Amino acid sequence: QSVDIPNSVTSMGDYAFNGCKALTRASIGNNLKAVSRNAFSGCEALESVVLGSKVESFGFRAFDGCVKLKDINLNDNIISFSDYVFSGCVSLSNVVIGKSVQSMGTGVFVDCTNITGVEIHDGATVIGSSAFAGCVKLQSVDIPNSVTSLGASAFSDCKALTRASIGDNLKV
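Here, residues in each chain are numbered from 1, in the same order as that chain's written sequence. Reporting in this predicted model follows two pLDDT cut-offs: at least 70 for local features of residues, and 80 or more for side-chain atom pairs to be given and counted; totals over whole chains, interfaces and linings ignore these cut-offs and use all residues. Side-chain figures throughout are based on the complete set of non-hydrogen atoms in the structure, without hydrogens or water.

Only DSSP runs of H or I covering at least 4 residues are called helices, and only runs of E covering at least 2 are called strands; the numbering of each starts at the N terminus. Per the secondary structure count, the protein includes zero helices and 14 strands. The globule rule is 2.2 Å times the number of residues to the power 0.38, and the radius of gyration it is compared with is taken over C-alpha atoms. Taken over C-alpha atoms, the radius of gyration comes to 15 Å for the protein, in line with the 16 Å a tight globule of 172 residues would show. Once the C-alpha set of the protein is aligned to its principal axes, its extents read approximately 45 × 25 × 20 Å. The buried share of the protein, reckoned over its 172 residues, is 44%. Sequence-distant contacts, at least 24 apart, represent 21% of the contacts inside the protein between residues at least 6 apart. Residue-level accessible areas treat just the shown protein chains as cover; the underlying method is Shrake-Rupley with a 1.4 Å probe. When the accessible surface of the protein is summed, it comes to about 7600 Å², and 46% of that surface belongs to carbon and sulfur atoms. A distance of 3 Å separates the average location of the 13 positive side-chain charges in the protein from that of its 15 negative side-chain charges. A simple rule labels every residue: compare its accessible area, found with a 1.4 Å probe on the protein chains alone, to the largest value its type can have, and call it buried under 20%, exposed over 50%, or partly exposed in between. Contact between two residues is taken to exist if any of their heavy atoms lie within 4.5 Å; hydrogens are not considered. A positive count includes Lys and Arg, and a negative count includes Asp and Glu. His and the chain ends are not counted in either. Taken as the charge location is NZ of Lys, CZ of Arg, CG of Asp or CD of Glu.

Printed below as a string of structure tokens:
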């Protein structure tokens, strides 16, 4: 099953596709600016999401528990990630945080156990608490100079983490 949200859609209600167990693919039109709270949470078969060019933010737990999600294009228009957006998305393997992202909430990628690499572009200023906690295969991370706040336990239980580059402006 798939869903194609047309360009005519400009807003999405909370829990819009929550728990749609058979949904495997979603395409979001070019006029939607926010993926709402719990929009796709619990869509256990969801494998790929194509975001429209105007998506700027993700609501609380937008893709929480999408255990088969392995492909999502995080475009350069995204400004913020709310809390636990991709928590438990165990099939995600590589994450590139776009150039416009300013903040990442608490637990945004918590327990994404197959993430091996994270690339955060200069521009992000806040990485929330437990943002990557439990990413047991995460091997390396580069935190740019723009990051001024790194939340508690942001990389806790990242057992494979062998290399971390931390920018100069981080306040501890």
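A pair of strands counts as paired when DSSP detects no fewer than two bridges linking them. The strand order across the open sheet formed by four strands is β1-β2-β4-β6, and the pairing between neighbours is parallel. The sheet is open, and its two borders are formed by β1 (2–5) and β6 (71–72), each paired with just one other strand. Of the strand pairs in this sheet, strand β2 (residues 25–28) and strand β4 (residues 48–50) are connected by three bridges, and their pairing is parallel. Paired with A26 across the strands is V49, a residue of β4.

What follows covers the side chain of S146. With respect to the helices, strands and loops of the structure, S146 is situated in the loop between β12 (140–143) and β13 (149–150). Separated by 2.7 Å, the side chain of S146 and the backbone nitrogen of G123 make a polar contact. Whenever two N or O atoms come within 3.5 Å, that pair is a polar contact, provided that in protein one can donate a hydrogen and the other can accept it, and provided that, for residues adjacent in sequence, both atoms are side-chain atoms.

For the rest of this paragraph, the subject is the nonpolar core. Side-chain atoms within 4.5 Å link the members of a nonpolar core, which is a set of buried Ala, Val, Leu, Ile, Met, Phe, Trp, Tyr and Cys residues. The biggest cluster of nonpolar side chains holds 50 residues, and the ones touching the most others in it are V35, F40, F58, F63, F81 and F86. Taken together, the elements giving at least two residues each to this core come down to β1, β2, β8 (94–97), β10 (117–120) and β12. What F58 contacts, discounting residues up to four positions off in sequence, is V35, L51, F63, L74, I78, S80, F81, S82 and V85.

Bringing the packing of aromatic side chains into the picture now. Two rings from Phe, Tyr or Trp (for Trp, the six-membered ring) form a pair when their centres are within 6.5 Å of each other. A pair whose planes differ by under 30 degrees is stacked, one over 60 is edge-to-face, and the rest are tilted. This model, assessed by the stated rule, comprises twelve aromatic pairs. For the pair F58 and F81, a centre-to-centre distance of 5.3 Å together with 10° between the ring planes defines the contact as stacked. With F58 in strand β5 (residues 57–58) and F81 in strand β7 (residues 80–81), the pair connects residues that are 23 residues apart, well separated along the chain. In terms of burial, F58 and F81 fall into one category: buried. Think of it as a cone above the ring: NZ of Lys or CZ of Arg counts as a charge over the ring if it is within 6 Å of the ring centre and within 35 degrees of the ring normal. Sitting over the face of the ring of Y84, R61 holds its NZ or CZ atom 4.5 Å from the ring centroid.

Taken residue by residue, the protein gives an average pLDDT of 94. The fraction at 70 or more is 99%. Mean pLDDT in the protein bottoms out at β6, which sits at 82, and peaks at β1, which reaches 97. The pLDDT value tells you how sure the predictor is about a given residue, anywhere from 0 up to 100.

Attention now goes to the pairing of β8. Residues V95 and I97 point to one face of β8 and are all buried, whereas N94 and V96, pointing to the other face, are not buried. As paired elements, β8 and β10 share four bridges and run parallel to each other. Each residue of the ladder has a partner; that of I97, found in β10, is I120.

Time to look at the environment of V50. Along the chain, the position of V50 falls in strand β4. Residues V50 and L170 lie 120 residues apart in sequence; the distance between their C-alpha atoms is 33 Å. Excluding anything up to four places from it in sequence, V50 contacts A26, S27, I28 and N73.

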